[in-house]
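# Commentary on secondary and tertiary structure
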Amino acid sequence: MANESRMQKWLDIVDRDIDVAEWLQVGGRWLYVAFECHQALEKVIKAYWCGTRDDDPPYIHDHNRLLEMCGLAEKMSDGQRDFIDMMKPMYIAARYPEHKQRVAATLNEHTCKDIVEQTKEFKQWILQEYSAATKPSSSSDATNK
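Bear in mind the structure is a predicted one, so any value in this text is a computation, not a measurement. (Residues numbered from 1 in each chain as written. Predicted model: local features only at pLDDT ≥ 70, side-chain atom pairs only at ≥ 80, totals over all residues. Heavy atoms only, no water.)

### Focus: the confidence of the model for the protein
- In this model, the protein carries an average pLDDT of 91, and 90% of its residues clear a pLDDT of 70 or more.
- With pLDDT under 50 throughout, residues 140-145 is counted as low confidence; its partners more than four residues away or in other chains account for 1 contact. (pLDDT = per-residue confidence, 0-100. Contact = heavy atoms within 4.5 Å.)

### Quick notes on the side chain of Gln 25
- Tracing the sequence through the fold places Gln 25 in helix α1 (residues 2-26).
- On the basis of relative accessible area, Gln 25 is assigned to the buried category, the value being 17%.
- When sequence neighbours within four positions are dropped, the list of residues in contact with Gln 25 reads Trp 30, Val 33, Glu 109, Cys 112, Lys 113 and Val 116. (Helix = DSSP H or I, 4+ residues; strand = E, 2+ residues; numbered from the N terminus. Buried < 20%, exposed > 50% of the residue type's maximum accessible area, 1.4 Å probe, protein only.)

### Points about the packing of helix α2 (residues 30-52) against helix α6 (residues 109-134)
- α6 packs onto α2 with a crossing angle of 0 degrees between their chain directions and a minimal axis gap of 10 Å. As judged from the angle between their axes, α2 and α6 are roughly parallel. In contact with Trp 30, Val 33, Ala 34, Cys 37, Ala 40, Leu 41, Val 44, Ile 45, Tyr 48, Gly 51 and Thr 52 of α2, α6 contributes Glu 109, Cys 112, Ile 115, Val 116, Thr 119, Phe 122, Lys 123, Ile 126, Glu 129, Tyr 130, Ala 133 and Thr 134.
- Here the residues of the contact of α2 with α6 are counted per class, giving 16 nonpolar, 4 polar and 3 charged. (Axes fitted to C-alpha atoms, helices over the stretch in contact; angles between N-to-C directions. Parallel < 35°, antiparallel > 145°, perpendicular 65-115°, else oblique. Nonpolar A, V, L, I, M, F, W, Y, C, P; charged D, E, K, R; others polar.)

### Overview of the packing of aromatic side chains
- Counted under the stated rule, the structure contains 2 aromatic pairs.
- Residues Phe 35 and Tyr 91 carry aromatic rings whose centres are separated by 6.2 Å and whose planes lie at 35 degrees to one another, so their mutual orientation is tilted. With Phe 35 in helix α2 and Tyr 91 in the loop between α4 (78-87) and α5 (97-104), the pair connects residues that are 56 residues apart, well separated along the chain. There is no split in this pair, since Phe 35 and Tyr 91 are both buried.
- Plain terms: the ring middles of Phe 122 and Trp 125 are 5.4 Å apart, the flat faces sit at 45 degrees to each other, and that makes the pair tilted. On the criterion of helical spacing, the pair formed by Phe 122 and Trp 125 is a turn pair, its members being 3 residues apart in helix α6.
- Between Arg 53 and the ring centre of Trp 49, over which it is positioned, the NZ or CZ distance is 3.8 Å. (Phe/Tyr/Trp six-rings, centres within 6.5 Å; stacked < 30°, edge-to-face > 60°. Lys NZ or Arg CZ within 6 Å of the ring centre and 35° of its normal.)

Quick look at the structure:
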């Protein structure tokens, strides 16, 4: 199925972003650990989009908007919402040095370890939601037996 192929391309990039985040974590590059996790979150949402829709995801970086647009926002737990909100300032492309310094000051080994773990958990949740969204309904299963 074409949607699964498009979805898998995004998921491959997600895995690479998480690997990079873990590598940067070893080097203590906290700001860039968080940035890579921000990127992984964006891409896993876009993977879900591609797996459940025929159109391409929009060129935006706002996790909340993407989650709303693909119907996942209302399914999230309060903890997931808090995590997504906490990750918003981690998008650092073209930011002023003062902004980067403020964000970097909030990060350390412990917070980055937590960010990486929560990113992995969010990816797993998205994959579960994808499975639920694409699973044949139980009524059709019963008629096929």
